Amino acid sequence: MPRKTTISLIKCDVGSLAGHHVVPEPLFRIAEKNMKKAKEEGLINSYHVFNVGDDLQLLMVHERGESNAEIHKLAWNTFQEAAEKALNLKLYGAGQDLLKTAFSGNVRGMGPGVAEMEIEERDADPIVVFAADKTSAGAFNLPLFRIFADPMNTAGLVIDPNMAGGFKFEVLDTVENKCVDLKCPEEMYELIGLIGTVGRYVVSRVWRARDNLLCAVGSVTKLSLIAGRYVGKDDPVLIVRAQHGLPAVGEILVPFMHSYLVAGWMRGSHWGPLMPVGVKDAKCTVFDGPPRIVALGFQVSNGKISSNDEGKPMIADLFDDPAFDMARREAVEYASMLRRMGEFEPARLSVKEMEYTTLSKILEKLKDRFKFL
Ligand code: F6R
Ligand code: MG
Ligand code: MG
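First, a word on what this report is: a plain description of the structure on this page.

Basis of the calculations
Residues numbered from 1 in each chain as written. Chains lettered and ligands numbered in written order. Predicted model: local features only at pLDDT ≥ 70, side-chain atom pairs only at ≥ 80, totals over all residues. Heavy atoms only, no water. Helix = DSSP H or I, 4+ residues; strand = E, 2+ residues; numbered from the N terminus. Buried < 20%, exposed > 50% of the residue type's maximum accessible area, 1.4 Å probe, protein only. Contact = heavy atoms within 4.5 Å. Areas by Shrake-Rupley, 256 points an atom, 1.4 Å probe, with all protein chains shown as cover. Lys, Arg positive; Asp, Glu negative; His and termini not counted. Charge placed at Lys NZ, Arg CZ, Asp CG, Glu CD. Donors = N, O, S within 2.8 Å, 3.2 Å for Na, K, Ca; no water. Pairing = 2+ DSSP bridges. Axes fitted to C-alpha atoms, helices over the stretch in contact; angles between N-to-C directions. Disulfide = S-S within 2.5 Å.

As a further point, take the overall build of the chain. Counting its regular elements, the chain contains nine helices and 16 strands. Overall, the C-alpha framework of the chain stretches about 75 × 50 × 40 Å when taken along its three principal axes. Burial statistics for the chain: of 373 residues in total, 53% are counted as buried. For the chain, the proportion of contacts with a sequence separation of at least 24, taken over those separated by at least 6, is 68%. Approximately 17,200 Å² of the chain is accessible, and the part contributed by carbon and sulfur atoms is 56%. Separation of charge centres in the chain, based on 45 positive and 49 negative side chains, amounts to 6 Å.

Within the first shell, the magnesium ion (ligand 2) binds the protein through Asp13 (OD), His20 (ND1), Asp54 (OD) and Gln96 (OE1), at distances of 2.0 to 2.7 Å. Within one chain, the residues donating to the magnesium ion (ligand 2) are spaced in sequence as D-x6-H-x33-D-x41-Q. For the pair the magnesium ion (ligand 2) and the magnesium ion (ligand 3), the metal-to-metal distance amounts to 4.9 Å, and aspartate 54 bridges them. Of this pair, histidine 20 sits in the loop between strand S1 (4-12) and helix H1 (25-40) while aspartate 54 is found in the loop between strand S2 (46-52) and strand S3 (55-62), placing the two residues 34 residues apart along the sequence. Relative accessible area serves as the criterion here: at 2%, aspartate 54 is assigned to the buried category.

Turning to the coordination of the magnesium ion (ligand 3), a few remarks are in order. Taken together, Asp54 (OD), Asp55 (OD), Asp133 (OD) and Asp235 (OD) make up the protein donors of the magnesium ion (ligand 3), found 2.0 to 2.5 Å from the metal. Each donor residue of the magnesium ion (ligand 3) lies on one chain, and together they are spaced D-D-x77-D-x101-D.

Attention now moves to the sheet that holds strand S4 (residues 113-120). Pairing is antiparallel in the open sheet, where four strands are placed in the order S2-S3-S1-S4. Edge positions in the open sheet fall to S2 and S4, since each of these has one partner strand only. Across the sheet, the mean angle from the axis of one strand to that of its neighbour is 15°, orientation sign disregarded. Along the sheet face, H1 touches S2 and S3 and points at about 165° away from the line of S2.

Consecutive side chains of a regular strand alternate in pointing toward one face of the sheet and then the other. Most of strand S5 (residues 125-133) sits inside the fold, with nine of its nine residues counted as buried. What you see with S5 is no split at all: Asp125, Ile127, Val129, Ala131 and Asp133 on one side and Pro126, Val128, Phe130 and Ala132 on the other are buried throughout. With nine bridges connecting them, S5 and strand S14 (residues 292-301) associate as antiparallel partners. When the bridges of S14 are listed, alanine 132 appears paired with isoleucine 293. Examined bridge by bridge, S5 and strand S10 (residues 237-241) share five bridges and lie antiparallel to one another. Note that in S10 the partner of isoleucine 127 across the bridge is arginine 241.

We now examine the state of the cysteines. Taken as a whole, this structure holds zero disulfides when the rule is applied. The cysteine cysteine 179 is free of any disulfide, with cysteine 184 supplying the nearest cysteine sulfur at 16 Å. No disulfide involves cysteine 215; its nearest neighbouring cysteine sulfur is the one of cysteine 184, lying 12 Å away.

Right, here's the structure in full:
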């Protein structure tokens, strides 16, 4: 049996500094301690702890497969411990995304966001992970379409014979909790027809069509649908495999040369421009945003993240680059345009999509004052 490697990216907002701004150092320390111990005990082979805004991100590489109870327990316990610390420090929103109290074998449906991919390592396997704050899973629909289906984005779709057969998308209907596979280029229009509705249809997986090679996995959590009310945040994560018959790292990054609008931002209730940033700038400010996204690149090798001579995983901070200055500038310009519109649609999300709303209270208060014409 060829050896299989699993990449797990599990995130949670366990509390943050100065409102929903950034994960502070004491919480990182807890995550680092637990990850280090799990590595020493042989549960995981490599890890990298980082943050995007108020979301603590645990990137773990191991050989235990997807949805492994021990890996999920490690993440759950780490988030619990960090949330306790956040509570003691009176940080903001301590334990925000921990919706349940008792762990039941898998963090899915319990609040944290999860993307996991089990792969058979190729000779060299470049991986890009994305993590975004102040938005939701539908934010990845547009770039995933462009990366794996748009020949104007990905030159390989046209000129690399290994990609000529196209890619297959798994699309999740988050309202009816069902999914459908659509193959591009043949079903491109149907695909866009669905995933253009970013609040409902979410791309959860992508495979290379000719051999079903798994090449992208996104988190698809809708906490409001889990809890039946608006709680926690769905800030999404995504794992993409690159090169050698798959989109190149450069093709994976092209969709982020321009900013585009995503749902989330202030109180999860506004359209906001997505801003690609290096990890040092992954902290939300203006109107709790603009929504930020980071991209980290690495190689997997023998069940681990390729490391330097000191055993430190080598991680590339891909948006920490002047090539994305234009997108950042656009994001600021779009943000200023949208905020001039205040609470008027389309700057504000439609009533159905808003995370916070007082509309039902307003209608209740005014119900006897409406007159029929
Ligand atoms: C959005 C987000 C923030 C908060 C906002 C109000 O995902 O986390 O924009 O919604 O700061 O937060 P509360 O209600 O905690 O005062
Ligand atoms: Mg928060
Ligand atoms: Mg967040």
